[in-house]
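Architecture and fold: a report
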Amino acid sequence: MLEGAELYFNVDHGYLEGLVRGCKASLLTQQDYINLVQCETLEDVKIHLQTTDYGNFLANQTNPLTVSKIDTEMRKKLCREFEYFRNHSLEPLSTFFTYMTCSYMIDNVILLMNGALQKKSVKEILVKCHPLGRFTEMEAVNIAETPSDLFNAVLVETPLAPFFQDCMSENTLDELNIELLRNKLYKSYLEAFYKFCKNHGDVTAEIMCPILEFEADRRAFIITLNSFGTELSKDDRETLYPTCGKLYPEGLRLLAQAEDFDQMRRVADHYGVYKPLFEAVGDGNGGKTLEDVFYEREVQMNVLAFNRQFHYGVFYAYTKLKEQEMRNIVWIAECISQRHRTKINSYIPIL
Amino acid sequence: MSGKDRIEIFPSRMAQTIMKARLKGAQTGRNLLKKKSDALTLRFRQILKKIIETKMLMGEVMREAAFSLAEAKFTAGDFSTTVIQNVNKAQVKIRAKKDNVAGVTLPVFEHYHEGTDSYELTGLARGGEQLAKLKRNYAKAVELLVELASLQSSFPGSNVPLLISSQSWMRESEKNSIG
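Residues numbered from 1 in each chain as written. Chains lettered and ligands numbered in written order. Predicted model: local features only at pLDDT ≥ 70, side-chain atom pairs only at ≥ 80, totals over all residues. Heavy atoms only, no water.

- The name an unreviewed UniProt entry gives chain B is V-type proton ATPase subunit D, with Canis lupus familiaris as the organism.
- Per its UniProt entry, chain B bears the Sequence similarities (unreviewed entry) comment "Belongs to the V-ATPase D subunit family."
- Looking at the Subcellular location (unreviewed entry) heading of the UniProt record, one finds this comment for chain B: "Cytoplasmic vesicle, Clathrin-coated vesicle membrane". (UniProt positions renumbered as here; feature names shortened; annotations may be inferred.)

- As annotated in an unreviewed UniProt entry, chain A carries the name V-type proton ATPase subunit and is attributed to Canis lupus familiaris.

Some thoughts on the overall build of chain A
- Across its full length, chain A holds 17 helices and zero strands.
- At 21 Å, chain A has a C-alpha radius of gyration in line with the 20 Å of a compact globule built from 351 residues.
- Of the roughly 15,900 Å² that chain A leaves accessible, carbon and sulfur atoms contribute 50%.
- For chain A, the separation between the mean place of its 37 positive charges and that of its 50 negative charges on side chains is 4 Å. (Helix = DSSP H or I, 4+ residues; strand = E, 2+ residues; numbered from the N terminus. Rg over C-alpha atoms; globule rule 2.2 N^0.38 Å. Areas by Shrake-Rupley, 256 points an atom, 1.4 Å probe, with all protein chains shown as cover. Lys, Arg positive; Asp, Glu negative; His and termini not counted. Charge placed at Lys NZ, Arg CZ, Asp CG, Glu CD.)

Re the packing of helix 1 (residues 5-25) of chain A against helix 17 (residues 313-337) of chain A
All names here are of chain A.
- Their axes nearest at 10 Å, the elements helix 1 and helix 17 cross at an angle of 25°. By the angle between their directions, the pair helix 1 and helix 17 is classed as roughly parallel. Handedness of the crossing formed by helix 1 with helix 17: left-handed. Between helix 1, through Leu-16, Glu-17, Val-20, Arg-21, Cys-23 and Lys-24, and helix 17, the contact on the second element is made entirely by Val-314, Phe-315 and Tyr-318.
- A class-by-class count of the residues in the contact of helix 1 with helix 17 yields six nonpolar, no polar and three charged. (Axes fitted to C-alpha atoms, helices over the stretch in contact; angles between N-to-C directions. Parallel < 35°, antiparallel > 145°, perpendicular 65-115°, else oblique. Left-handed = near helix turned anticlockwise from the far one by under 90°. Contact = heavy atoms within 4.5 Å. Nonpolar A, V, L, I, M, F, W, Y, C, P; charged D, E, K, R; others polar.)

Quick notes on the confidence of the model for chain A
- Here chain A shows a mean pLDDT of 86. Residues at 70 or above account for 93%.
- Model confidence for chain A, summarised as mean pLDDT per element, is weakest for helix 9 (residues 170-175) of chain A at 58 and strongest for helix 17 of chain A at 93. (pLDDT = per-residue confidence, 0-100.)

Quick notes on the nonpolar core
- Ranked by size, the top nonpolar core spans 128 residues in total, and within it Ile70(A), Phe96(A), Tyr189(A), Phe193(A), Phe221(A) and Ile332(A) carry the most contacts.
- For Phe96(A), the residues in contact, after removing those within four places along its chain, are Phe193(A), Phe196(A), Cys197(A), Thr204(A), Met208(A), Tyr312(A), Gly313(A) and Tyr316(A).
- Phe44(B), Val101(B), Val104(B) and Leu162(B) belong to the second largest nonpolar core, which has six residues in total. (Core = buried A, V, L, I, M, F, W, Y, C linked by side-chain atoms within 4.5 Å. Buried < 20%, exposed > 50% of the residue type's maximum accessible area, 1.4 Å probe, protein only.)

Observations regarding the layout of surface pockets
- The calculated volume of the largest pocket comes to roughly 1,600 Å³.
- The wall of the largest pocket is formed by 49 residues, among which Arg75(A), His130(A), Ala76(B), Gly77(B) and Asp78(B) lie closest to the centre.
- Among the residues forming the lining of the largest pocket, the class breakdown is 19 nonpolar, 12 polar and 18 charged. (1 Å grid on protein atoms, 1.4 Å probe; cavity = no way out; pocket = protein on both sides within 12 Å on 5 of 7 lines; lining within 4 Å. Points joined across faces, edges and corners; volume = space filled by probe spheres on them.)

As for the packing of aromatic side chains
- Under the defined criterion, the tally for this structure stands at 26 aromatic pairs over all chains.
- Both rings, one in Tyr186(A) and one in Tyr189(A), keep their centres 5.4 Å apart while their planes meet at 70°; by these two values the pair is edge-to-face. Of this pair, Tyr186(A) and Tyr189(A) both sit in helix 10 (residues 178-200), separated by three residues, roughly a single helical turn. For the pair Tyr186(A) and Tyr189(A), one class covers both residues: buried.
- Look at Trp331(A) and Phe74(B): their rings are 5.2 Å apart centre to centre, the planes differ by 40°, and that puts the pair in the tilted class. With Trp331(A) in helix 17 and Phe74(B) in helix 1 (residues 13-76), this residue pair bridges two chains. With respect to burial, Trp331(A) and Phe74(B) carry one shared label: buried.
- Clustering of aromatic rings is evident, with ring pairs tying together Phe9(A), Phe96(A), Tyr99(A), Phe163(A), Tyr186(A), Tyr189(A), Phe193(A), Phe196(A), Phe310(A), Tyr312(A) and Tyr316(A).
- The positively charged end of Arg219(A) is found above the aromatic ring belonging to Tyr186(A), 3.8 Å away from the centroid.
- The aromatic ring of Tyr112(B) is capped on one face by Arg95(B), whose charged end is 4.1 Å from the ring centroid. (Phe/Tyr/Trp six-rings, centres within 6.5 Å; stacked < 30°, edge-to-face > 60°. Lys NZ or Arg CZ within 6 Å of the ring centre and 35° of its normal.)

Digging into the confidence of the model for chain B
- Within chain B, residue pLDDT values average 84, and 95% of them lie at 70 or more.
- Across the interface, the model reports ipTM at 0.82; the global pTM reads 0.85.

Observations regarding empty space enclosed by the protein
- Counted according to the given criterion, the structure contains five cavities of 30 Å³ or more.
- Lining the largest cavity, in full, are Glu215(A), Arg218(A), Arg219(A), Ile222(A), Glu291(A), Tyr295(A), Ala125(B) and Arg126(B).
- Listed by contribution, the elements that provide at least two residues to the lining of the largest cavity are helix 11 (202-227) and helix 16 (290-304) of chain A.
- No other element matches the four residues that helix 11 of chain A contributes to the lining of the largest cavity.
- Considering only residue class, the lining of the largest cavity consists of three nonpolar, no polar and five charged.
- Of the volumes computed, that of the second largest cavity is approximately 40 Å³.
- Lining of the second largest cavity is provided by Met100(A), Ser103(A), Tyr104(A), Tyr189(A), Tyr316(A), Thr319(A) and Lys320(A).
- Mapped by element, the contributors of at least two residues to the lining of the second largest cavity are helix 5 (93-117) and helix 17 of chain A.
- In terms of residue class, the lining of the second largest cavity is made up of four nonpolar, two polar and one charged.

Some remarks on the packing of helix 3 (residues 42-50) of chain A against helix 17 of chain A
Residues and elements named next belong to chain A.
- Axis separation between helix 3 and helix 17 bottoms out at 9 Å; the angle between their running directions is 150°. In terms of orientation, helix 3 lies roughly antiparallel with respect to helix 17. Contact residues: helix 3 offers Leu-42, Val-45 and Leu-49, while helix 17 offers Ile-329, Ala-333, Ile-336 and Ser-337.
- Residue composition of the contact of helix 3 with helix 17, grouped by class: six nonpolar, one polar and no charged.

Some words on the interface of chain B and chain A
- Listed as interface residues are 26 residues of chain B and, on the opposing side, 42 residues of chain A.
- Ranking the residues of chain B by area buried against chain A places Phe74(B), Gln85(B) and Leu124(B) at the top, with a combined share of 28%.
- Between the two partners, chain B and chain A, sit two salt bridges.
- Glu334(A) serves as the salt-bridge partner of Lys73(B), at 4.0 Å between the closest nitrogen and oxygen.
- With nine residues, the single largest contributor to the side of chain B that touches chain A is helix 1 of chain B.
- Taken together, the residues of the side of chain B that touches chain A sort by class into eight nonpolar, 10 polar and eight charged. (Buried area = accessible area lost by both parts, 1.4 Å probe. Salt bridge = Lys/Arg side-chain N within 4 Å of Asp/Glu carboxyl O.)

Here you go:
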């Protein structure tokens, strides 16, 4: 039963939902991608993008045009749109937006911590941070000597503080491998986000919870796959799995014991949703990798989110779809500029 | 018979024997020089051939490696800052050794691995497979670069003694043709 979502949603969030649907309509279509694939140089790509919603975003760029310039400009455009949504949002949508930016904040914090430890200049690192993950205490990072100082002085004010507290005590912050820290933070973040959506209830929960469950399970599979052959122990691996997915608890336990791809596949076969995904994986070169299959499924779920109205999932879905589109364009541009066109069609089609 | 190459000598039997011995010594010296210049020429040609092959292969390998970087960025996002920040010790190092060819020492570079991969867990959550492929491709590129550097540094090393010995040989043969 929709408890008044239809009645009250538009009061606070109707304008933004309308706006985001308009933005979604301007995502590149299959025809646009076909045109881009046929370009010979990056200048052609620029001309084609002028006919889409991107317009003249590359107009002020000096020659020569490089792929990284295209990437930076696209990201700036996405950030402008995102900031606009965020600045006009009311609670609880603003908290939802904050949760969305937490994932970028985690990446930025890891970068800053690393840089502070290596005594690099803060200015250089700030340039490399993801703009969506900006938080006010970023410049203050260089006052800290060790990670625990960093946490006590700076991070405790950010929305990331509860995620740090979940995973570890302050003492262990120093010895922990940077990648393990990143993944543990992401796990806590995902679980907190899931709880938020679930507590919100309504259509948002109906749309966002499956998406987040899929994200959690996908991380579990990919971490398992990538930890074969490394020195990551099985127990360590298990601590990195987010528990808010369908695989929890038996699937995660089985995954932690898996030692190669086939065992992982057998775990996936128990779940009706993941069995067809694993079957779509080709073997070796030429076929799709597991990550490609997961990306396609994520895109599918995000597109379906637009079929329901009056929920916050449209914002999440739009951001993720836009990012995938950026990745696709960068991929096509790289293939064109490196004149390596054999795999130019392995972008993930969206619409 | 040019005037200034004449040796002033008293025409006696003893002087003739001494001159013959000197001639023999000079001829042996000239033959040795020829052998040296031949050996160096052979080595020179081999190096040149290998340099050309390696350079062609280098083009292919670098192209492949750059493309695998694009693939990895597509799946894993932008990991370049993380990688650059975590640089500490080199994993692939070079040893310089000396190789002896006909008395000329030429430097040879040999690469060896030391230490573990500090980027083992990068891309744990996404793109790990592509990153592994990327690491392999660039490792191949680095090995090829080391080989190319080794060849290119021994190239002038063999060229100069070759020129010197061939010059000396030509001077000697000129003297002999006169005497």
